[in-house]
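Okay, here's what each chain looks like letter by letter:
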Amino acid sequence: MKQKIVIQLSVSCDKSRSKALTLAARAAGVTSMGITGDARDQLEVVGDGVDPVCLVCCLRKKLGHAQIIKVEEVKKPEEKKETKKEDPKPAVPVYPCYYPPAGYYHQYQPPHMVVCDEQPSNCRTM
């Protein structure tokens, strides 16, 4: 679930704003962040699975005062479904399957070898 978190900071200079952005970028799951508000004192963080309490505690340690203003779910903008009449696509011709002749695929079997001995031998084991 993607969520948008707005945090009120007590920052007075660009150096502390930059530090706040760096700390927010290091948090797990953050995809984007930015400084907003009239006095540029709000940090807006968007991400998936971001822990707002942990983020605020980290900001308090490094910057001083920080509090959560709001946490809301970010929804994808709904696309308007327009009913346009599209030109019908021409039908793709369907061809019948090709089967090769029956004798085409056969296993090769060598002819059987027959050994004929013209002279009888004295060996009885053969």
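What you see is a predicted model; the values in this text were computed from it and never measured. Along every chain, residues carry numbers that run from 1 in the direction the sequence is written. pLDDT decides what is reported in this predicted model: residues at 70 or higher carry local features, side-chain atom pairs at 80 or more are listed and counted, and totals for whole chains, interfaces and linings draw on all residues regardless. No hydrogens and no water enter the side-chain calculation; it runs on all heavy atoms of the structure.

A.B. asks: What should I look at first to understand the nonpolar core in this one?
C.D. replies: Grouped together as the largest cluster of nonpolar side chains are 16 residues, with contacts concentrated most on Ile 7, Leu 9, Leu 43, Val 45, Leu 55, Leu 59 and Ala 66. At four residues, the largest contribution of residues to this core is made by helix H2 (residues 52-63). Residue contacts follow a heavy-atom distance rule, with two residues in contact if any of their heavy atoms lie within 4.5 Å. In this structure, Ala 66 is in contact with Ile 7, Gln 8, Leu 9, Val 56, Leu 59 and Arg 60, ignoring residues within four places of it in sequence. We define the nonpolar core as a collection of buried residues of types Ala, Val, Leu, Ile, Met, Phe, Trp, Tyr and Cys that are connected through side-chain atoms lying within 4.5 Å of one another. For every residue, the accessible area obtained with a 1.4 Å probe (protein chains only) is divided by the maximum for its type, and the residue is called buried under 20%, exposed over 50%, and partly exposed between those limits. Elements are defined by DSSP. Helices are runs of H or I of four residues or more, strands are runs of E of two residues or more, and each kind is numbered from the N terminus.

A.B. asks: Got a minute to help me understand the side chain of Ser 16 in this structure?
C.D. replies: Mapped onto the elements, Ser 16 comes out in helix H1 (residues 14-26). Here the side chain of Ser 16 touches Cys 13 through a polar contact of 2.9 Å, landing on its backbone oxygen. Setting aside chain neighbours within four positions, we find Ser 16 in contact with Val 11 and Leu 63. Polar contact criterion, stated in full: a pair of N or O atoms within 3.5 Å, where within protein one must be able to donate a hydrogen and the other to accept it, and residues adjacent in sequence count only if both atoms are side-chain atoms.

A.B. asks: Looking at this structure, I do not really get the pattern of salt bridges. What am I missing?
C.D. replies: Here the idea is simple: oppositely charged side chains can pair when their charged atoms come close. Between Lys or Arg on one side and Asp or Glu on the other, a salt bridge is scored when a side-chain nitrogen of the former is within 4 Å of a carboxyl oxygen of the latter. Applying the stated criterion across every chain, the model contains four salt bridges. Taking the shortest distance from any N to any O, the salt bridge between Glu 44 and Lys 4 comes out at 3.8 Å. Placement of Glu 44 in strand S3 (residues 42-48) and of Lys 4 in strand S1 (residues 2-9) is noted, with a sequence separation of 40 residues between them. Given the relative accessible area of 24%, Glu 44 is considered partly exposed. Each of Lys 4, Glu 44 and Glu 72 takes part in one network of salt bridges that share partners.

A.B. asks: Would you take a moment to explain the sheet that holds strand S4 (residues 66-73) for this structure?
C.D. replies: Strand pairs in the sheet, formed through backbone hydrogen bonds, run parallel or antiparallel to each other. Whether two strands pair comes down to DSSP finding at least two bridges between them. If you walk across this open sheet you meet the four strands as S2-S3-S1-S4, and the pairing is antiparallel. Of all strands in the sheet, those bounded by a partner on one side alone are strand S2 (30-36) and S4. Across the sheet, the mean angle from the axis of one strand to that of its neighbour is 20 degrees, orientation sign disregarded. Alignment of S1 against S3, held across seven bridges, turns out to be antiparallel. Within S3, the position partnered with Gln 8 by the bridge is Gln 42. Here, axes are lines fitted to C-alpha atoms. For helices the fit covers the stretch in contact, and angles between N-to-C directions go from 0 to 180 degrees. Across the sheet, H2 lies against S1, S3 and S4, angled at about 155 degrees from S4, the strand it touches most.

So, to be careful, I would describe these as geometric facts and stop short of saying anything about function.
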